[in-house]
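So you can see what is in the structure, the chains are spelled out below.
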Amino acid sequence: MAATIQKLVVEVVDARDLVPKDGHGTSSPYVVVDYYGQRKRTKTVTRDINPTWNEVLHFNVDKPSDVFSDMLELDVYHDKNLGPTSRNNSLGRLKLSSGQFVKKGEEALIYYPLERKYLLSWIRGEIGLKIYYVDEVVPPLEEKKAEELPPADNAAPPVSSDSDQQHEQTPAEEMPVDNNAASTVEAPAADGEGEKAAEGEKPAEGADQVEPGADSQSVQADEHDDDIVLDPTSANWAPGPQPEIMASTTSGSIPEIKVARTTSAPPPLTRPATPASYASSSVDSPDHYRIERSSFDLVDKMHYVFVKIVKAGSLPTNGSPVVKIAVAGSHVTSKPARKAKYFEWDQTFAFARDTPETSSILEISVWADAGGANFLGGVCFDATEIPLRDPPDSPLAPQWYRLEGGGAHRCDLMLATWVGTQADEAFPDSWKSDTAGNLVNSRAKIYLSPKLWYLRASILEAQDILPLTALKEGSFQMKAQLGFQVQKTKVSVSRNGNPSWNEDLMFVAAEPFSEHLIFYLECRQQKGPVTLGVVGVPLTAIERRVDDRKVISRWFNLEDPKSDKKGYKGRVHLSLCFDGGYHVMDEAANVCSDYRPTARQLWKPPVGTLELGIIGCKNLLPMKTTSGKGSTDAYTVAKYGSKWVRTRTVSDTLDPKWNEQYTWKVYDPCTVLTIGVFDSWGASDINGEKEATRPDFRMGKVRIRVSTLETGRVYKNTYPLVMLGTSGVQKMGELDVAVRFVRAAPTLDFLHVYSQPLLPLMHHIKPLALGQQEMLRSMAVKILATYLSRSEPPLRSEVVRYMLDADSHTFSMRKVRANWSRIVNVSSCVIDIVRWIDNTRGWKNPTATILVHALLVMLVWFPDLIVPTLAFYVSVIGIWNYRFRSRDKLPHFCPKISLADNVDRDELDEEFDTVPSTRSPDLIRMRYDKLRAIGARVQNILGDVATQGERVQALVTWRDPRATAIFVGLCLMVALVLYLVPPKMVAMAFGFYYFRHPLFRDQMPSPVLNFFRRLPSLSDKIIPGATKDGSNGNPGIRSSILYNKIMKGLDLRVNFTFVAKQKCILIINAEASE
C-alpha cells in the first residue's frame, strides 16, 4: 500500500483595492507566504492594485515545533524593481492559525482583510485565498532508490527552488511516513471500535473524558470536533532525520529554509495545566496542540476491584470453559473461552467497593461450561492484600496462578487483579457491577453531531417546456427534494414554455454528502400535478461558499421520469451552493450552545474551557418495577456545541453515582450547557424486544449559562430535577454536578467578545426569515435525531429532541401568562418612576418636591449636566445593587416564574396535546370558545392602540377642519414664543407649572387631553359583524344563557393598576376553573 504525506496548499487567487505605492496611482504587488520555516513567493503583477495571481504554493506539514509556530504568515509587498522606492514596501500582512485550515474538498475562496505591518502604515484592501490540506502519495522505495543513482559524470544535481522537488530527493528511509496515523485520522470508526485500532499506542493527551480510553461515537471525527484533537500537522508524520537546514535560491532572492525533525531527540515534556496557569495565560494554544488529561478534581474517586482474566492452560476439557468471579456479594460469569494455544478470555471485570480498606474474599473459579456442572479449579485472594493502583502508575502485568481443587491438575490461570478508580485505563471496556453487566450501556460515550450545512437552491427559469395542452398557457411549479425535505416554488404561468421563478429554497444537509438533490418540474392541472421532467444533482458536485459572493449558475437537462432512457424534456436554470457562513440552528436562540458558522475557516480561537463533573443523582423516583420492586436505570446526557456526552447507565438504584468529568472548548461565553437525566428501558433486559423499543423516560434537565460563571471558580451544586406533566409539577430527584470555567484568552480579548454579534456575518448580510429559521431548525433537529440514534449505544430520538427543546414552540396559556408577568416585572421600574413623579407632583413629601425643584433649576440652567447626571445615577444604582446580588447557587428552572405551581389541569392538558388534537370534540369546542373570548379582549386592545395613532394623524390631515385649524394655530403661537423667549425660561416655566401644588390644579382632565380625545379615528368605518340571531357577536349583547355556557369554564379578569392620572397598565389574567 502506497504511503501518503500531508501538505498544506495555499492558493493565492487575487487581491482587491491595494494601496498605490509607485507614485503613479498603482502598485506592483507580490505575495510572500511563510509556514513552518518554509518561505515561498508568487510572481510580481506589474502596475495593478487589483492583481490576479492564481498560483498554488505547497508546504510540508510537520509536527508541532518549539522553533516554528503553526501560524501561516502572508505578506504583500510592492516590488522595488518596478517603482521609485529603494525597498519592498509593505502593502499589508495576514496571520492565520492552522486551526482554520480544512481538508481537500472543503475549501472555499475567502477574502481576508489585510492588516498593517507597522503602527503607522497605511493599509487597505483584501486578498483572496484558498487554504487546505492534501495527501500526496509517496513513491515506492525501489523507484526512489533508482532515481537517486548519481549520473555518470558525477555532476552535482541542480538546486531546485521548489521545496517539493527537494522533498522528492530525500531518501525513502528518511521520509516521515506513518500509515497507521493516516488511517486513524481519515477512516472513521464506523463500528465504535476506534480504540481497538490504536491498541498499544500511548493514549492521546487531549482526551477530555474522565474515563481514559473511552471510545467515542462512530461519527466522522473531522475538523468540527472541538475537543477530540485531530492533529492535521502530525497525523501522517513520524520522527524525521537529524535536523539540518537547507536553503535554496528562489526568485526574488528569498531564502527557503527546511527543517527536518530528529529521531534521537526526546519530545518536549508537557507541563500539566492547572486552573491558575490557564487563568494567567494570555496566549491560547493552537487547536492541534494536545491538552493535558483531566486531573479528576471536580468529581469523587470511586474505587473498584479490577480482575483481568487473560488465559488458562492445560485445562482438562474440550469445550468452552468459563470463569466465575465472586467478591463482596457480586457474582459474574465470563464469556466462553475461545480455543487457541490456550483457552483465552481477555476480559476485565470491575467490582464497586465503598472504600479500598473493605475486607472481603475474591474468589475466581474455572468451570467446564456455563452451566457449572464440572468444577475445574479456582484461586482466592484476600481483598485487603490486593495492590492499589492509581494512574499514572503503570498497569499491572498478568501472572500465572495455579488452580486448586476440582478436577484440574497442574493447570494455571493467567490473571491480574488490583484496586483502582474510574480513571483506570481498563475501566471503560470492563464489565461493571453497577451496570448489571450490560456491556453496551456500561461505557461512557462521546457523540459528535454531524457537520450541518445550509443548502441554497436558487431556481431561476426553465426553457423548452412543452405544456400538455398546446397553444394554451400552463401553470408550472418546481419541487425540490433532499431526503425527507420537500419544498416547492410558487406557480409560474407561461404560454411559451419558458416559465421563470427566481426563488430561493433552503435545505439542511449533513456531511458526508451521499444524497442527491432532486428537482421535479410539475404542470398544475385540475386533476392534480403532472411531472414533466426530473433532474438529480449530487451534493458532492455543489460549490461551497463562506460569504455572499455570486455563485455561477448552470443549466441542467430534464429527463423523462417515466422512462429509463435519457430523453430531452427541456432544461432548468439553477444556482446551487452550500452557505458555510451561516450557523445552522439546532437549538432555540435563547439557549444556544454554539454560534460558530459552519465553515471552519471563519472560526475564531476559543476564549476558554468549560469543565463539567457529573457526580450523581439522589432520591430519584422509581420508573419501573423489577422483581417486584421499583427501580431506575439512570444515565446522564450533556450537550454543548457539537459535542454530546453520555455517562454509563447505572442500573437498579435510586442514588446512582457516575463521577465522570468532561471538558469543552468555549468560543462564546454567552452560551448554555444543557444536562439531562434519563431512565433507560433497555438497560436491565437488553434482549427484550419490547423493552428495547420503549422510549427512555425523561427525568429532568439542567441548564447552566457560561457567562454566569466566574473564572476559575468551582461550582458544586445540587439541582432539583423538575418535570411538568399533565398532572402538574413533579420533582423527579436531584442532580449533583460540578462545573468550572477557565479563561484562556487575554482579558481584553475576552471582554471584546461581548461587543461582537452573536450570529455570524451572513445572518446580517442575507438574513433568514423567522418562519424559515424555524423550519430549518426543525429539519436540523430531525437530522441530528436520526444520525445519533444509529450510534452504539444509540442516543435515542426522544433524548435528542428533549435536549434540543424541539417541542418548546407549542402554544400554552401558561406560557402566555408567564411571559406577560415577565413584561410586568421588567416594566416595574418604569412604573415606580411614574409613581414617584406622581407623588412628587402631589406634594406628598414636600421636602422631596422642593429638592426636585432645585434639581430642575440646576439642570435647566446647566443642561450639559443632564447626561452625566443620568449616567452617574445609573452607575450608583448598579453599585448599590451589587450588595444585593444573588449569592445562591447557579440559576435553574423556577416553577414560580413559569407559573407551574397553580396551573390548571385543563391548561396543562391543552399544552401537552398533539397537533392535530386528539381530544374529544366537546373539549376542543370549549377551548376554542375560551380562546375566542380572550381574542375579543385582545382585539379591543389592538383597536384602542390603533385609535390613538389615528388621532395623532388627524392633527394635521384636516379630517376635522376645526381641530386641525386649532392645532396649527397653537403650533404657530408656540413657535413665535420659542423664537422670542429663551428656551431655558420656557423649560423653567413648564417645570414649575407641572410640579405646582395641588391647590392650584383642577381635578378635571387637562384641556390638551380633552382636545386629543375629541379627534376622529377610523374606528367608525369598521364594518361590524352580525350573528344569525341579529347580534354583532359581542358577548354583552348575547343572551345570558348562551354567554354563561360559553364562559362556563373561564374566569377572565381584567385588572387596571393605576400608576398615575390617566395612565394605567392593563393586566389580563385568564384562569380556567374546575
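From a predicted model like this one, the values you see are computed outputs, not experimental measurements. (Residues numbered from 1 in each chain as written. Predicted model: local features only at pLDDT ≥ 70, side-chain atom pairs only at ≥ 80, totals over all residues. Heavy atoms only, no water.)

> What's the story with the pattern of salt bridges in this structure? I'm lost.
Across all of its chains, the model carries 45 salt bridges by this definition. As a salt-bridge pair, Asp 594 and Arg 596 come within 3.1 Å of each other at their nearest N and O atoms. Residue Asp 633 pairs with Lys 624 through a salt bridge whose shortest N-O separation is 3.4 Å. Asp 633 gets classed as buried once you look at its relative accessible area, which sits at 0%. Linked through salt bridges whose partners overlap, the residues forming this network are Asp 906, Asp 909, Asp 913, Arg 919, Arg 927 and Lys 930. (Salt bridge = Lys/Arg side-chain N within 4 Å of Asp/Glu carboxyl O. Buried < 20%, exposed > 50% of the residue type's maximum accessible area, 1.4 Å probe, protein only.)

> Please clarify how unusual backbone geometry should be interpreted in this entry.
Outside of glycine, negative phi angles account for most residues, and trans bonds account for most peptide bonds. Geometrically, the link from Glu 511 to Pro 512 is a cis peptide bond, its omega value of -5° lying close to zero. Mapped onto the fold, Pro 512 is located in the loop between strand E27 (500–510) and strand E28 (516–524). In this chain, Val 915 is followed by Pro 916 through a cis amide linkage whose omega measures 0°. By the secondary structure assignment, Pro 916 is in the loop between helix H15 (905–911) and helix H16 (921–953). Its identity is not glycine, yet Arg 47 carries a phi of approximately 45°, on the positive side. Mapped onto the fold, Arg 47 is located in the loop between strand E3 (38–41) and strand E4 (52–60). (Helix = DSSP H or I, 4+ residues; strand = E, 2+ residues; numbered from the N terminus.)

> Quick question: what am I supposed to make of a nonpolar patch on the surface here?
Taken together, Leu 855, Met 858, Trp 861, Phe 862, Leu 865, Leu 976, Val 977, Tyr 979, Leu 980, Val 981 and Met 985 make up a surface patch of nonpolar side chains, about 1100 Å² in accessible area. Counting residues per element, the ones that place at least two in the nonpolar patch are helix H13 (846–861) and helix H17 (961–980). Examining the composition of the nonpolar patch, we find that four residues originate from one element, H17, more than from any other. Here Leu 980 is to be found in helix H17. On the basis of relative accessibility, which here comes to 75%, the residue Leu 980 falls in the exposed class. (Patch = residues over 30% accessible without salt bridge, like charges linked within 9 Å, V, L, I, M, F, W, Y side chains within 5 Å. Areas by Shrake-Rupley, 256 points an atom, 1.4 Å probe, with all protein chains shown as cover.)

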